[in-house]
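Remarks on the overall topology
So you can see what is in the structure, the chains are spelled out below.
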Amino acid sequence: MYDIRVTVKQNKRVSDGLWVLSYHAPKTVKKILPGQFLQFRLTSSTDPFLRRPFSAYKIKGDVIEVLYEPVGVGTRLMSQMKPGDEFCSLGPLGNSFTPVKKKKVLMVGGGVGAAPLVFMAERHVYDKMLLGFRNKSVVLPKSEAPGSKSNWIYATNDGSVGHKGFVTELLEGILKEGDPKQYFIYSCGPKPMLYEVARIARKYKVDGELSLEERMGCGVGACLGCVVETQDGYVASCKSGPVFSIKDLTLEGLKSE
Amino acid sequence: MSKINLSVKIGKVAFKNPVTVASGTFGNTNEYEPYVDFSRLGAFVTKTITLKKRVGNPMPRIAETPSGMLNAIGLENKGLEDYVENKIPYLAKIKTHLITSIAASGPEEFVKMVKVLDKQKVVTAIELNLSCPNIRGKGIQFAKHAEEVGRIVKSVRDNTSKLLITKLSPEMGNFFEIAEITVKSGTQALSLINTIKGMAIDVYKRKPRISNVTGGLSGPAIRPIALRYVYEVKRMLDIPVIGMGGIANWQDAAEFIIAGAHMVATGTVNFVTPRASMDVLEGLEDYMKRTRVHSMDELRGSLKLPEHILKYE
């Protein structure tokens, strides 16, 4: 784990609403695994005060890329950064997805929750990438897919791209069709989506892992501000997670606040 | 030039330097090990423990606010027994003083805890957290009455030979009356200040941004308030103070020491800059070199007050 000062290499839009920021971090790239995250301190000012967590999206040589949508104070500040600007990157933090053999992998992503799944897809074989977005403007384009693009399937709330409705409906459709036992799920996205993924996985008795996007304080397990309910009670999602086996989480704990 | 003496003495305990960390902001064992050489700290302070395990408050527990954050963790911890069995063995390996922060429902429970901790050689000092603002209902209460605080401190004092520190918050009713009674009841230092109650609302959901509704405000936002309490307590009482509340760099730390603090603690800033305590330590040492100050005794309480203020002393 390193807390390093880094320089923006590139900061560009990949769709109307989604951005990718990249920076050199030779030591960090050697260690980081799909599912792990980084805590950015974008300014030396105290407002915004806390760091912002981002999953690693892609690794290209010595360069780390993160995917983000400018929606809050931190991410809007990030979208204004230019090549050459400096910021602090802490990581890699948290655990990572567990690679599986002999199972067909279904990835289920919502919004920027696609990021760790694309990183996983870069390193491991998968069957389908199911991605859900609000509408066309925030869809992660197929040109971002590592390798084959044919197994990327979209859902949007308004039907402007792909299936009209929730990405979890695509997941249930696939599990209904074939033998659910052949599948394994990796999923990341907003809590209501993860709740649905967990509910469906339980219904069809499919194993899988969820990466949680809790708001975080420290990112290292000290503040206990990002706890999630597991079968054994609360644990810090930054340290015990962000990736959890679906079996270990409670459905109640995945309900939105 | 002669070497700078950074050591400070509180009671009979000599601390190698004045820089420590605020309880609850530095984990319980190895959370910050990758970033900080713990042996360089003046003391290591663990997150508040209680007699029995506490699960803490529901999420959301934290909310960012201008230059700070609100938290209502609710003293989540695994309890005293777990601390002694599972944390102390790790903490014993750290080559600096250990300060154990505790909270309890009243004098009897505090005494129960202190009797156990008193047997732990590795514990240098006990810090009484009488001021966590995020606890409701039965069990641990926010100690608000001076007599109650006095009873707690006195009964703890009678049951341990460890260095005794009491942590207070401006939220505790008559602050200066309470500070005075803790000193009279045998506390050997005060940790000033704990968080200040605050609130934030999500205007779209029309819901409080933390589930506890109110939470403790910390970070640079509260620093001037913390500094004022340290200054005023030092003017009033002859008691060593560990200053904390929004300290983010060496300048902030120097302010507290000049106002009279024996030691200083980095708190919420540890979440943002894990190395903050080390930056403070190095910055302080460099500042003392540059300004030709040779010891902490020389810097502490060296505030130059205007004539018209001194006149009324």
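Residues numbered from 1 in each chain as written. Chains lettered and ligands numbered in written order. Predicted model: local features only at pLDDT ≥ 70, side-chain atom pairs only at ≥ 80, totals over all residues. Heavy atoms only, no water.

1. Some details on the overall build of chain A
- When helices and strands are tallied, chain A shows six helices and 16 strands.
- Taken over the C-alpha trace, chain A has a radius of gyration of 17 Å; the compact-globule value for 257 residues is 18 Å, and the two agree within 12%.
- Seen through its principal axes, chain A has C-alpha atoms that stretch 50 × 40 × 35 Å.
- When the 257 residues of chain A are sorted by exposure, 57% land in the buried category.
- Counting only carbon and sulfur atoms, one obtains 51% of the accessible surface of chain A, whose full area is about 10600 Å².
- Taken together, the 36 basic and 26 acidic charged side chains of chain A have centroids lying 4 Å from each other. (Helix = DSSP H or I, 4+ residues; strand = E, 2+ residues; numbered from the N terminus. Rg over C-alpha atoms; globule rule 2.2 N^0.38 Å. Buried < 20%, exposed > 50% of the residue type's maximum accessible area, 1.4 Å probe, protein only. Areas by Shrake-Rupley, 256 points an atom, 1.4 Å probe, with all protein chains shown as cover. Lys, Arg positive; Asp, Glu negative; His and termini not counted. Charge placed at Lys NZ, Arg CZ, Asp CG, Glu CD.)

2. Thoughts on the domain arrangement of chain A
Residue and element names in this part refer to chain A.
- As assigned here, chain A comprises domain 1 (2-93) and domain 2 (104-255).
- Computed over C-alpha atoms only, the centres of domain 1 and domain 2 are separated by 21 Å.
- Opposite the 23 residues of domain 1 that make contact, domain 2 presents 25 residues.
- In total, about 2200 Å² of surface goes out of reach between domain 1 and domain 2, with carbon and sulfur atoms giving 63% of it.
- Where domain 1 touches domain 2, the interface holds two salt bridges.
- Taken together, domain 1 and domain 2 are joined by 11 residue pairs in polar contact (both at pLDDT 80 or more).
- Elements with a minimum of two residues in the side of domain 1 that touches domain 2: strand 3 (37-41), strand 4 (52-55), strand 5 (58-60) and strand 6 (63-68).
- A breakdown of the residues in the side of domain 1 that touches domain 2 according to their chemical character gives 15 nonpolar, five polar and three charged. (Domains from an automatic or database assignment. Contact = heavy atoms within 4.5 Å. Buried area = accessible area lost by both parts, 1.4 Å probe. Salt bridge = Lys/Arg side-chain N within 4 Å of Asp/Glu carboxyl O. Polar contact = N/O pair within 3.5 Å; in protein donor to acceptor, adjacent residues only side chain to side chain. Nonpolar A, V, L, I, M, F, W, Y, C, P; charged D, E, K, R; others polar.)

3. Re the layout of surface pockets
- There is about 510 Å³ of room inside the second largest pocket.
- As for the second largest pocket, its lining consists of 23 residues, of which Gly221 and Leu224 of chain A together with Glu76, Lys78 and Lys87 of chain B are closest to the centre.
- Listed by contribution, the elements that provide at least two residues to the lining of the second largest pocket are strand 15 (233-236) of chain A together with helix 1 (80-91) of chain B.
- Among the elements that make up the lining of the second largest pocket, the one with the highest residue count is strand 15 of chain A (four residues).
- A breakdown of the residues in the lining of the second largest pocket according to their chemical character gives six nonpolar, seven polar and 10 charged. (1 Å grid on protein atoms, 1.4 Å probe; cavity = no way out; pocket = protein on both sides within 12 Å on 5 of 7 lines; lining within 4 Å. Points joined across faces, edges and corners; volume = space filled by probe spheres on them.)

4. Here's the deal with the interface of chain A and chain B
- Listed as interface residues are 28 residues of chain A and, on the opposing side, 34 residues of chain B.
- Summing the contributions of chain A and of chain B, the shared interface buries around 2700 Å²; its carbon and sulfur component is 61%.
- Counting every contact that joins chain A to chain B gives one salt bridge.
- A salt bridge links glutamate 64 of chain B to arginine 52 of chain A, with the shortest nitrogen-to-oxygen separation between them at 2.7 Å.
- Where chain A touches chain B, the interface holds seven residue pairs in polar contact (both at pLDDT 80 or more).
- Classifying every residue of the side of chain A that touches chain B gives 15 nonpolar, four polar and nine charged.

5. Considering the side chain of threonine 25 of chain B
All names here are of chain B.
- With respect to the helices and strands, the residue threonine 25 is situated in the loop between strand 3 (19-21) and strand 4 (43-45).
- Within polar-contact distance, the side chain of threonine 25 engages the backbone oxygen of alanine 22 at 2.7 Å.
- When near neighbours in sequence (up to four residues on either side) are disregarded, threonine 25 contacts Tyr32, Thr266, Gly267, Thr268, Asn270 and Phe271.

6. Structural notes on the packing of helix 1 of chain B against helix 2 (residues 107-118) of chain B
Residue and element names in this part refer to chain B.
- Relative to each other, helix 1 and helix 2 sit at 15°, their axes nearing to 11 Å. Classified by the angle their axes make, helix 1 and helix 2 are roughly parallel. Considering the relative orientation of helix 1 and helix 2, their crossing is right-handed. Together, Leu80, Tyr83 and Val84 of helix 1 and Met113, Val116 and Leu117 of helix 2 make up the contact between the two elements. (Axes fitted to C-alpha atoms, helices over the stretch in contact; angles between N-to-C directions. Parallel < 35°, antiparallel > 145°, perpendicular 65-115°, else oblique. Left-handed = near helix turned anticlockwise from the far one by under 90°.)

7. So, the packing of helix 2 of chain B against helix 3 (residues 146-157) of chain B
Residue and element names in this part refer to chain B.
- Interhelical geometry of helix 2 versus helix 3 gives an angle of 25° and a closest axis separation of 9 Å. Compared by their axis directions, helix 2 and helix 3 come out roughly parallel. In this structure, helix 2 crosses over helix 3, and the sense of that crossing is right-handed. Two secondary-structure elements touch here, helix 2 through Pro107, Phe110, Val111 and Val114 and helix 3 through Arg151, Ile152, Ser155 and Val156.

8. Description of the sheet that holds strand 13 (residues 207-211) of chain A
Residue and element names in this part refer to chain A.
- Read from one edge of the open sheet, seven strands run 11-10-9-8-12-13-16, paired in mixed fashion. Strand pairing shows two members of the sheet lacking a second neighbour, strand 11 (163-164) and strand 16 (243-245), which therefore form its edges.
- Relative to strand 9 (residues 128-133), strand 8 (residues 104-110) runs parallel, the two being bridged by five bridges. Bridging across to strand 9, glycine 110 finds its partner in glycine 132.
- Across the sheet, helix 4 (residues 167-177) touches strand 8, strand 9, strand 10 (152-156), strand 11 and strand 12 (183-188), and the angle it forms with strand 9 is around 150°.
- Set on the sheet, helix 5 (residues 191-203) makes contact with strand 8, strand 12 and strand 13; between it and strand 12 the angle comes to about 165°. (Pairing = 2+ DSSP bridges.)

9. Topic: a nonpolar patch on the surface
- Where nonpolar side chains cluster on the molecular surface, the patch consists of Met199, Ile201, Val203, Tyr204 and Val213 of chain B and spans about 570 Å² of accessible area.
- Looking at where isoleucine 201 of chain B falls in the secondary structure, it is placed in strand 12 (residues 201-202). (Patch = residues over 30% accessible without salt bridge, like charges linked within 9 Å, V, L, I, M, F, W, Y side chains within 5 Å.)

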